[in-house]
Amino acid sequence: MDVARADLARTARLARLQLSEAEIARLTVELNGILAHVEALLAIDVDMAAQAPLAAPAAPAARPDEPDADPLSVPVAEQAPEWRSGYFTVPRVLGP
């Protein structure tokens, strides 16, 4: 499948892009190159890769997956310039 200059110009117009003739010519060549590469990839036979056994079995999880926060090396309250009732306090930025 090739991209024609007219298709690219129409698509650019629908996308409200203002492309010069030089840009349309360059993009037509680039898009056709991309499509040729995709066609080459689609031609690759991958049936044997799907049947290949894994080199090693998958490793088990290192720990059980339990939702919990990771412990911090320094508590958050000690990192804050000011801390009040479990919250960071910052100076007012906007008006009074």
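Just so it is clear, the structure is predicted and the values come from calculations on it, not from any experiment. (Residues numbered from 1 in each chain as written. Predicted model: local features only at pLDDT ≥ 70, side-chain atom pairs only at ≥ 80, totals over all residues. Heavy atoms only, no water.)

(A) A look at the overall build of the protein. Along the protein, the regular secondary structure elements total four helices and two strands. Going from the N terminus to the C terminus, the protein shows its helices and strands as α-α-α-α-β-β. In the protein, buried positions account for 8% of the 96 residues. Working note: accessible area of the protein is about 9,100 Å², and carbon and sulfur atoms make up 61% of it. (Helix = DSSP H or I, 4+ residues; strand = E, 2+ residues; numbered from the N terminus. Buried < 20%, exposed > 50% of the residue type's maximum accessible area, 1.4 Å probe, protein only. Areas by Shrake-Rupley, 256 points an atom, 1.4 Å probe, with all protein chains shown as cover.)

(B) Layout of the packing of aromatic side chains. Across all of its chains, the model carries one aromatic pair by this definition. With a centroid separation of 5.2 Å and an interplanar angle of 90°, the aromatic rings of Trp 83 and Phe 88 are classed as edge-to-face. For Trp 83, a relative accessible area of 36% corresponds to the partly exposed category. (Phe/Tyr/Trp six-rings, centres within 6.5 Å; stacked < 30°, edge-to-face > 60°.)

(C) The arrangement of the confidence of the model for the protein in detail. Residues at a pLDDT of 70 or more form 89% of the protein, whose mean pLDDT is 84. At the low end of the mean pLDDT range in the protein sits helix α3 (residues 47-51), at 69; at the high end sits helix α2 (residues 21-42), at 95. (pLDDT = per-residue confidence, 0-100.)

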